[in-house]
Amino acid sequence: MSLWGGRFSEPSDDELRALNDSIAFDRALYAEDIEGSIVYARALARAGVIEQDEADNIVAGLRQVMQEFDADAFELQAGDEDIHTAVERRLTELIGDVGGKLHTGRSRNDQVATDFRLWSIRAADNLADEISFLQSALISLAETHIETLMPGYTHLQPAQPISAAHWLMSFFWMLDRDQDRLSSAKTRMAECPLGAGALAGNPFPLDRHRLASDLGFDRPSANSLDAVSDRDFVADLLYVISLCAIHLSRLAEDILLYSNPAFGFITLDDRYSTGSSLMPQKRNADPIELMRGKTGRLIGNLTGFLATLKSLPSGYNKDLQEDKEALLDSVETMRRLLPVLTATVTSLKVNAEPMNAALSADLLATDLADYLVRKGLPFRQAHHIVGAVVRLADERGVAMTKLDLAAFKSVSASFEDDIYEVFDFRASVAKRSGFGGTAPEAVRQQIALAKANSA
Ligand code: ARG
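Values in this document were obtained by computation on a predicted structure and should not be read as measured data.

Right, let's get into the overall build of the protein chain. Across its full length, the protein chain holds 18 helices and 6 strands. The C-alpha atoms of the protein chain give a radius of gyration of 31 Å, which is well past the 23 Å a tight globule of 455 residues would have. The dimensions of the protein chain, computed from C-alpha atoms along their principal axes, are 100 × 55 × 40 Å. The burial tally for the protein chain puts 50% of its 455 residues in the buried class. Within the protein chain, contacts between residues at least 6 apart in sequence are counted, and of these 73% link residues at least 24 apart. Surface accessibility of the protein chain: about 21,600 Å² in total, with carbon and sulfur atoms responsible for 52%. Positive and negative charge centroids in the protein chain, built from 46 and 66 side chains respectively, lie 5 Å apart.

Let us now look at the pairing of strand E1 (residues 149-154). Here E1 runs beside strand E2 (residues 157-163); their pairing, made up of 6 bridges, is antiparallel. Considered in E2, the bridge of Gly 152 is made with Gln 160. Where E1 folds back on E2, the antiparallel hairpin that results is connected by 2 residues, among which His 155 adopts a positive phi of roughly 55°.

Contacts to the ligand come from Ser 22, Asp 26, Asp 82, His 84, Arg 108, Asn 109, Val 112, Tyr 316, Gln 321 and Lys 324. Within the side chain of Ser 22, an N or O atom sits 3.1 Å from a nitrogen atom of the ligand. Taken by itself the ligand offers 340 Å² of open surface, and the protein chains cover 86% of this. Broken down by element, the shell around the ligand gets its largest block of residues, 3 residues, from helix H6 (residues 108-143). Tallied by class, the residues present in the shell around the ligand amount to 2 nonpolar, 4 polar and 4 charged.

Attention shifts here to the pattern of salt bridges. The full count for this structure, using the stated rule, is 34 salt bridges. A salt bridge links Asp 80 to Arg 89; its shortest N-O distance comes to 2.6 Å. As far as the burial class goes, Asp 80 and Arg 89 line up, both buried. Put simply, Arg 108 and Asp 82 hold a salt bridge, and the shortest N to O gap is 2.7 Å. Of this pair, Arg 108 sits in helix H6 while Asp 82 sits in the loop between helix H4 (52-70) and helix H5 (83-95), and the two are 26 residues apart along the sequence. Taking the relative accessible area as the measure of exposure, Arg 108 reaches 23% and is therefore partly exposed. Connected via shared salt-bridge partners are Glu 68, Asp 80, Arg 89, Arg 90 and Glu 93.

Residues Leu 3, Trp 4 and Phe 8 make up a contiguous nonpolar surface patch of roughly 270 Å² in combined accessible area. The partly exposed category is assigned to Leu 3, whose relative accessible area is 39%.

This part takes up the nonpolar core. Counting 104 residues, the largest nonpolar core has Ile 34, Leu 248, Leu 327 and Met 334 as its most contacted members. Leu 327 has contacts with Phe 116, Trp 119, Ser 120, Val 234, Leu 237, Leu 238 and Ile 241, leaving out every residue within four places of it along the chain. With 21 residues, the next largest nonpolar core counts Ala 393, Met 400, Phe 408 and Phe 423 among its residues.

So, about the packing of H6 against helix H7 (residues 164-189). One way to put it is that H6 packs onto H7 with a least axis distance of 9 Å and a crossing angle of 165°. On the basis of the axis angle, H6 is roughly antiparallel to H7. Between H6 and H7 lies a crossing of left-handed hand. Of the residues contributing to the contact of H6 with H7, the split by class is 18 nonpolar, 4 polar and 5 charged.

What follows is about helix H11 (residues 286-309). With 24 residues, H11 ought to run about 34 Å at 1.5 Å a step, and its terminal C-alpha atoms sit 35 Å apart, in line with that. Arg 292 marks where H11 bends most, by close to 25°. When we look at burial in H11, the residues that qualify are Ile 288, Met 291, Thr 295, Leu 298, Asn 301, Leu 302 and Phe 305. Of the surrounding elements, those touching the buried residues of H11 are helix H10 (232-259) and helix H12 (322-346). One or two residues past the end of H11 sits Ser 311, with phi positive at roughly 65°.

Burial in helix H14 (residues 365-374) covers these residues: Ala 365, Asp 367, Leu 368, Ala 369, Tyr 371 and Leu 372. Elements in contact with the buried residues of H14: helix H15 (379-396), helix H16 (405-411) and helix H17 (425-431). At the C-terminal side of H14, Gly 376 shows a positive phi close to 105°.

According to the stated counting rule, one finds 17 aromatic pairs in the structure shown. Arranged with centres 4.9 Å apart and planes meeting at 80°, the rings of Phe 172 and Trp 173 form a pair that is edge-to-face. Here Tyr 420 and Phe 423 contribute two aromatic rings whose centre-to-centre distance is 6.0 Å and whose plane-to-plane angle is 70°, an arrangement assigned as edge-to-face. Ring pairing ties together the aromatic residues Tyr 153, Trp 167, Phe 171, Tyr 258, Phe 263 and Phe 265, which thus form one cluster. One Lys or Arg, Lys 324, reaches over the ring of Phe 116 and ends 5.5 Å from the middle of that ring.

Rules behind the numbers
Residues numbered from 1 in each chain as written. Predicted model: local features only at pLDDT ≥ 70, side-chain atom pairs only at ≥ 80, totals over all residues. Heavy atoms only, no water. Helix = DSSP H or I, 4+ residues; strand = E, 2+ residues; numbered from the N terminus. Rg over C-alpha atoms; globule rule 2.2 N^0.38 Å. Buried < 20%, exposed > 50% of the residue type's maximum accessible area, 1.4 Å probe, protein only. Contact = heavy atoms within 4.5 Å. Areas by Shrake-Rupley, 256 points an atom, 1.4 Å probe, with all protein chains shown as cover. Lys, Arg positive; Asp, Glu negative; His and termini not counted. Charge placed at Lys NZ, Arg CZ, Asp CG, Glu CD. Pairing = 2+ DSSP bridges. Near = heavy atom within 4 Å. Polar contact = N/O pair within 3.5 Å; in protein donor to acceptor, adjacent residues only side chain to side chain. Nonpolar A, V, L, I, M, F, W, Y, C, P; charged D, E, K, R; others polar. Salt bridge = Lys/Arg side-chain N within 4 Å of Asp/Glu carboxyl O. Patch = residues over 30% accessible without salt bridge, like charges linked within 9 Å, V, L, I, M, F, W, Y side chains within 5 Å. Core = buried A, V, L, I, M, F, W, Y, C linked by side-chain atoms within 4.5 Å. Axes fitted to C-alpha atoms, helices over the stretch in contact; angles between N-to-C directions. Parallel < 35°, antiparallel > 145°, perpendicular 65-115°, else oblique. Left-handed = near helix turned anticlockwise from the far one by under 90°. Expected span 1.5 Å × (residues − 1). Bend = angle between axes of the 7 residues up to and from the residue. Phe/Tyr/Trp six-rings, centres within 6.5 Å; stacked < 30°, edge-to-face > 60°. Lys NZ or Arg CZ within 6 Å of the ring centre and 35° of its normal.

Listed below in structure tokens is the structure:
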């Protein structure tokens, strides 16, 4: 018999149960469900709705149910529709009819909203930890490559020289923003729906502020009708996860590209590479490709759930049960991806030689224009002149840096024999020493700031 069986004359259909039941996935909320019930039982006693010894009895019973779950000894029964039903059923088996007093004034609507918020806050904390491990790995690797130069790209075309540390640190800042979003999502999550009842509130004199603080929330939700159907916190977390995964997919793409033998900039550790069943020479990066690939699924969980929320009428609707599989899947997916990515970065070999060899003269074209600017030419004109130099070098089939002074002077009289000083990749990088630039001193400053931010 289900919790709500009283008004029905026949048990529900098996097919209906298979569709309707959520125990297969919301079992994951058992700890939060039981914690919420313990706090609720005490609140009922404080409000004089149940006797103190009844509350003690209920709390002791709930603790035992918790132990059974913790020990993986909880036995599900056919009628266990969801985690709330299962816990109450077992509680009543253990302590008798008094267990049936626990749900007084409460609905599964405020209960599930409370459970899932608690679960989400913990998931957000774990995610923040996993992200910070990756951030530390990026910082450590960057610290050893402040002087390692590589081509920087725009439009995936060689653009200007940068340091490998600068490249690595660019991902630190993406993750830093993800951390920010995560903590602001947590602020909104920290609102306790318990006591909202089915939709209209709780008819017993419960102290909802106390309920909220006992469960570790910042405050109780202010409108019971909103509280039972608010799943913004789920959408928030799905979005933060999606955007974080998008950042990781970009890192993944760079890793794939730079580890390609045509680049050879980095080498993946054997433990994080995979082979081919056919081609013996292959060193693939399957986990990194999965990082890129699973981002699609994470975005799908977000957009799918947003579509579920759209146009729902006021109050709780069963559609909301879709929140669990979406978020559980996204959180679990990240939990699997992040440690592997962190280990991949930690064990990544940055190959200074091939990076250096890829520094082609054209990467200094901007510096050459800046040289003319320092000689007093307007930048627009300088840009045009250097364009002509690049074309001349192309025509002669040599690198721009190999043209003789006469050739330079044939394009512009402003070129003088100090021109060759420009052709120095290290000098080019060193010039970008302003805040946020790629010069070693600026990158050192950036790393110090990153460390302070993540402390
Ligand atoms: N399993 C349900 C969910 O996840 C619990 C709430 C059920 N409430 C109800 N009125 N049927 O949303």
